[in-house]
Amino acid sequence: MTTRARVTVTWPEANARRIDRQGLSAAPPPAVRDRRAPALRTPADVAGAMLGVHAQVLSAAELSVAVRLPGTTRTDVREALWTDRTLVKTFGPRGTVHLLPADELPLWTGALSALPAGPGRLAESARLTPDRTEQVVAAVADALTGTDLTIDELSDAVVARTGSWAADPVVPGFQGMWPRWRQVMHLAGHRGVLCYGPDRGRKATYTNPGHTPLPGPEAMTALVGRYLRAYGPATPAHFAKWLATAPGWANRLFADLAESGAIEEVTYEDAPAWVAAGDTDFPAEPAPGVRLLPYFDAFTIASQPRERLFPGRAYTRALGRGQAGNYPVLLVDGTVAGVWHQRRSGRRIAVTVEPLEPLTAGQLRELDEQVERVAVAMEGKAELTVGTVTVGPHA
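A. Region of interest: the packing of helix α4 (residues 58-66) against helix α16 (residues 361-378). Orientation of α4 relative to α16, taken along the N-to-C sense of each, is 125°, at an axis distance of 10 Å. Between α4 and α16, the crossing angle belongs to the class labelled oblique. Our pair here, α4 against α16, has a crossing hand that is right-handed. Residues S59, L63 and A66 of α4 form the contact with α16, whose own contacting residues are R373, V374, A377 and M378.

Right, here's the structure in full:
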């Protein structure tokens, strides 16, 4: 009986493969570097490769997609979302708003609805009981079937179908207290009975996408495989952080998947980590090139270990107390090497890029190309300044 030697993966190899599979590779073409890199032709392809596009700020989501598809504009992304319906805006990983491929929604809802319930953040007197939680989810599903409702219309419909207790103002919101039922909005999204509909004027609407979730175990196995192909090698702790779930649960899940042969152990950064079974090919060359990524781009959120993606000064300049996504970032040769900011006035887009180290002449030319890609994506005319970004996070 022989034991196969465990594959050893370095940070440059892992990072280069992630960049290839994210559609962020500069050259040579991904097909040469990574034959398993997906062909990205549509906004839905990009959302699938990224494992969701963070869309709390929709303009940032539009840019995340467009920078991976040369020539794509924010209008193209909006058409995919509201006209073609190949994208869905809903509650994704960590309970935050994401764009997901419509044809993958059964996988996502099956997996996310199978996550263990976390500790309640509300006072016990404000929480919903398990029975009332199910009543609210059922009421949301019924109220949104075949229609689009604003949050106030949905609130009235839920209270009418459940009881006055659902309207109690006990959930802290941005402008006061929200009704009790709203604490499970993200759960309704994870169950597949709620997603965003087209805006009605300045008001968001919600609808029932009408998708049936896959069975939990099947969906979770598929999601782990997808995650490891996009962001592996990774540990159970990395996966738990990405989903904002319990590390102990993730440890047990990975142990079960390893026993079934669905995932494979490798050595990564001198420690055990995991890839999808058989997915052990990595580019021999690091990832060259310059890229501009917007707020909360999935690549910066999910890539681990974070201190390797944000080396040296980047860890303090481009993170907010260790949290990725607070600043748009400049990538140079696969790692964060600065921050940037855009300010729009009509069609004019003033782009300020702050490199943490001086850029070479070649890198400055690539930066010009990236700024032009931002201009195309945002349907404006960009002007580049290389200097200090004076605004804070989320500006």
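B. Up close: the layout of surface pockets. Estimates place the volume of the largest pocket at around 2,300 Å³. Lining the largest pocket are 50 residues, and of these G95, R121, R182, Q183 and H186 sit closest to its centre. For the lining of the largest pocket, the elements supplying multiple residues, two or more each, are β3 (87-91), α7 (130-144), α8 (151-161), β6 (169-173), α9 (185-190) and β9 (203-207). By residue number, the principal contributor to the lining of the largest pocket is α9, which donates four residues. When the residues that make up the lining of the largest pocket are grouped by side-chain class, the tally is 27 nonpolar, 14 polar and nine charged.

C. Inspection of the sheet that holds strand β4 (residues 97-101) at higher detail. Within the open sheet, the three strands sit side by side as β2-β4-β3. Their pairing is antiparallel. In this open sheet, the two edge strands, each paired with only one partner strand, are β2 (53-54) and β3. In this structure, β2 lies alongside β4, joined through two bridges in antiparallel fashion. What sits directly across from V53, in β4, is L99.

Thresholds, definitions, all that
Residues numbered from 1 in each chain as written. Predicted model: local features only at pLDDT ≥ 70, side-chain atom pairs only at ≥ 80, totals over all residues. Heavy atoms only, no water. Axes fitted to C-alpha atoms, helices over the stretch in contact; angles between N-to-C directions. Helix = DSSP H or I, 4+ residues; strand = E, 2+ residues; numbered from the N terminus. Parallel < 35°, antiparallel > 145°, perpendicular 65-115°, else oblique. Left-handed = near helix turned anticlockwise from the far one by under 90°. Contact = heavy atoms within 4.5 Å. 1 Å grid on protein atoms, 1.4 Å probe; cavity = no way out; pocket = protein on both sides within 12 Å on 5 of 7 lines; lining within 4 Å. Points joined across faces, edges and corners; volume = space filled by probe spheres on them. Nonpolar A, V, L, I, M, F, W, Y, C, P; charged D, E, K, R; others polar. Pairing = 2+ DSSP bridges.

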